[in-house]
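Summary of the model geometry
What follows is each chain in one-letter form.
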Amino acid sequence: MFKILKKEYLADNIILMDIEAPKVAKSCYPGQFVIVKTDEKGERIPLTICDYDREAGSVTIVFQTLGSSTQKMAAYNEGDSFRDFSGPLGCKSELCTESREELQKKKILFVAGGVGTAPVYPQVKWMKENGYDVDCVIGARNKDLIILEDAMKEYAKNVYVATDDGSYGFKGNVNDKIKDLVQNEGKEYNLVIAIGPVIMMKFVSLLTKELGIPTIVSMNPIMVDGTGMCGACRLTVGGEVKFACVDGPEFDGHLVNFDESIKRQQMYKSEEGRAILKQRE
Ligand code: NAD
Ligand code: FES
């Protein structure tokens, strides 16, 4: 059993939880994910790790209450325990495996969209703790949905906030802000790491392709086993079939077939709707 040490609402339906999971905390890295199961019959929910404390033996996750399973997760409180907390799964971020010589050459812009800000955070933190400055754009629909801004400011050199409705920071989506930084402010980047909704990662990748900036995205398709056995998380990258759970979740954004991933994500929408109705009965 995996105890919830802390529960905090970051926004209306976005929750942060610290989970007691010493083995995962000891071996995880930015970029990796866990699969959470509330109880024996619960759905397996993949969540990218937001933070970890090796000494305290805790791992931080952030999730949005979207479907019936995340609503069930949200009903758990501090002191309650989840049945399973499997991980760390997937590959660690490329940044954690590159040589100092390679990292020194990088001028990185992280692009965080909505709840995708949570998996960006450990990468920004890791870069700072290893001596590298990075910039970060955080985009959300409105001010109330901006998460982890202060935490990000502790580790990023510059944090640029953009809201679609202009209620806070720059008015526009993350792509508008990237264009503003590169074209108006003369900022130079040679790597973009974008994490957020698939549609955002698609359009960021289209823009950075035009701008000639290599781009990494983190894909979060439907997953079942998380170990490369079931094929649920397959996607196409550069014409080849890949499994996000073992080959990713990070991939070259200029090679991912986003349209196919969006179609696959939508396949389960009606199933999810039925599950929510059943839960309310
Ligand atoms: P959202 O729809 O509110 O979008 C967040 C921001 O992304 C927007 O404010 C905008 O700046 C940008 N954006 C969205 N669509 C865009 C477009 N077409 N062009 C340019 N920019 C665009 O995001 P949300 O509701 O917080 O996100 C929920 C989704 O994020 C879920 O589908 C979830 O699965 C996904 N998610 C992905 C990861 C990951 O690892 N990739 C992690 C957490 C959540
Ligand atoms: Fe089953 Fe990736 S989740 S192969």
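The model shown is predicted, which means the values in this text are computed figures rather than measured ones.

Let's shift gears to the overall build of the chain. Looking only at helices and strands, the chain has 10 helices and 17 strands in total. Computed over the C-alpha atoms, the radius of gyration of the chain is 18 Å, within 12% of the 19 Å expected from 2.2 N^0.38 for a compact globule of 281 residues. Taken along its principal axes, the extent of the C-alpha atoms in the chain is 55 × 40 × 40 Å. A total of 281 residues make up the chain; the buried ones form 51% of that total. In the chain, 63% of the contacts between residues at least 6 apart in sequence involve partners at least 24 apart.

Among the nonpolar cores identified, the biggest contains 58 residues, and Met17, Ile61, Phe85, Phe110 and Met127 are the most heavily contacted of them. The element that contributes the greatest number of residues to this core is helix α4 (residues 117–129), accounting for six residues. Lining this core are residues from two domains, each supplying at least three of them: domain 1 (2–89) and domain 2 (94–218). The contacts of isoleucine 61, once residues within four sequence positions are left out, are Ile15, Leu16, Met17, Ile19, Val34, Val36, Leu47, Cys50, Met73 and Phe85.

A word on the site of ligand 1. The immediate surroundings of ligand 1 are formed by 22 residues, with Val115, Ala140, Arg141, Asp164 and Ser218 found nearest. One nitrogen or oxygen atom from the main chain of alanine 140 is found 3.2 Å from an oxygen atom belonging to ligand 1. Burial of ligand 1 by the protein amounts to 81% of the accessible area it has alone, namely 860 Å². Of all elements in the fold, only β10 (135–140) and α7 (198–211) reach the threshold of two or more residues within the shell around ligand 1. With four residues, the top contributor of residues to the shell around ligand 1 is α7. By residue class, the composition of the shell around ligand 1 is 10 nonpolar, 10 polar and two charged.

The subject of this paragraph is α7. Residues separated by three or four positions in an α-helix point in the same direction, a consequence of the helix having 3.6 residues per turn. The end-to-end C-alpha separation of α7 is 20 Å, in line with the 20 Å expected for 14 residues at 1.5 Å each. Along α7, the positions that sit buried rather than exposed are Val198, Met200, Met201, Lys202, Val204, Ser205, Leu207 and Thr208. Where α7 is buried, its residues meet β9 (108–113), α6 (174–184), β13 (191–195), β14 (215–218) and α9 (258–266). Directly after α7, the chain includes glycine 212, whose backbone phi takes a positive value near 75°.

Along the polypeptide, lysine 177 turns up in helix α6. Accessibility expressed as a relative area gives 6% for lysine 177, which makes it buried. A distance of 2.9 Å separates the side chain of lysine 177 from the side chain of aspartate 180, its partner in a polar contact. Among residues more than four places away in sequence, those in contact with lysine 177 are Val137, Tyr160, Ala162, Phe170 and Glu185.

For the second largest pocket, the calculated volume is near 160 Å³. What lines the second largest pocket is Lys6, Glu8, Leu10, Leu16, Asp18, Cys50, Asp51, Thr60, Tyr121, Leu148 and Ala151. Counting residues per element, the ones that place at least two in the lining of the second largest pocket are β1 (2–11) and β2 (14–20). A per-element tally of the lining of the second largest pocket places β1 first, with three residues. Grouping the amino acids of the lining of the second largest pocket by side-chain chemistry returns six nonpolar, one polar and four charged. Each of domain 1 (2–89) and domain 2 (94–218) contributes no fewer than three residues to the lining of the second largest pocket.

To continue, consider the sheet that holds β14. Taking strand neighbours across the sheet as the criterion, the seven strands line up as β12-β11-β10-β9-β13-β14-β17 in an open arrangement whose pairing is mixed. Two strands close off the open sheet at either side, each with one partner strand: β12 (170–171) and β17 (250–252). Here two bridges tie strand β11 (residues 158–163) to β12, and the two strands are oriented parallel to one another. Its bridge partner lying in β12, threonine 163 is registered against lysine 171. Sitting on the sheet, α6 touches β9, β10, β11 and β12, and the angle it makes with β9 is about 160°.

Attention shifts here to the sheet that holds strand β7 (residues 81–82). Reading across the sheet, the five strands line up as β5-β6-β2-β1-β7 and stay open at both edges, with antiparallel pairing between neighbours. Of all strands in the sheet, those with a lone pairing partner are β5 (51–53) and β7, marking the two edges. Relative to β7, β1 runs antiparallel, the two sharing two bridges. Looking at the pairing, phenylalanine 2 lines up with phenylalanine 82 of β7.

What counts, and at which threshold
- The residue count restarts for each chain, going from 1 along the sequence in the order it is written.
- All chains are assigned letters beginning at A, and all ligands numbers beginning at 1, according to the order in which they are written.
- Reporting in this predicted model follows two pLDDT cut-offs: at least 70 for local features of residues, and 80 or more for side-chain atom pairs to be given and counted; totals over whole chains, interfaces and linings ignore these cut-offs and use all residues.
- Side-chain numbers here rest on the full set of heavy atoms in the structure, without hydrogens or water.
- Working definition: helices are DSSP H or I runs of at least four residues, strands are E runs of at least two. Numbering for both runs from the N terminus.
- Radius of gyration: C-alpha atoms only; globule rule: 2.2 Å multiplied by the number of residues to the exponent 0.38.
- Relative accessible area decides the class of each residue, using a 1.4 Å probe on protein chains only: under 20% of the type maximum gives buried, over 50% gives exposed, and in between gives partly exposed.
- The criterion used for residue contact is that any of the two residues' heavy atoms lie within 4.5 Å.
- The set of buried Ala, Val, Leu, Ile, Met, Phe, Trp, Tyr and Cys residues whose side-chain atoms join them within 4.5 Å is what this entry labels a nonpolar core.
- Each domain's extent was defined by an automatic or database domain assignment.
- The nearness test applies per residue and asks whether one of its heavy atoms lies within 4 Å of the molecule or strand.
- Polar contact is the term for a pair of N or O atoms within 3.5 Å; when the atoms are in protein, one must be able to donate a hydrogen and the other to accept it, and sequence-neighboring residues count only if both atoms are side-chain atoms.
- For the area figures, the Shrake-Rupley method with a 1.4 Å probe applies, and any residue is considered shielded solely by the protein chains shown.
- Residues are sorted three ways: Asp, Glu, Lys and Arg are charged, Ala, Val, Leu, Ile, Met, Phe, Trp, Tyr, Cys and Pro are nonpolar, and all the rest, Gly among them, are polar.
- The span expected for a helix works out to 1.5 Å for each residue beyond the first.
- Both cavities and pockets are sets of points on a 1 Å grid over the protein atoms alone; in a cavity a 1.4 Å probe fits but cannot get out, in a pocket the set is open with protein on both sides within 12 Å along at least five of seven lines, and lining residues sit with an atom within 4 Å of a point.
- Grid points are joined across faces, edges and corners, and a volume is the space filled by probe spheres set on the points.
- Two strands pair if DSSP finds at least two bridges between them.
- Under this scheme, a helix contributes an axis fitted over its contacting stretch, all axes are lines through C-alpha atoms, and angles between N-to-C directions fall in the 0 to 180 degree range.

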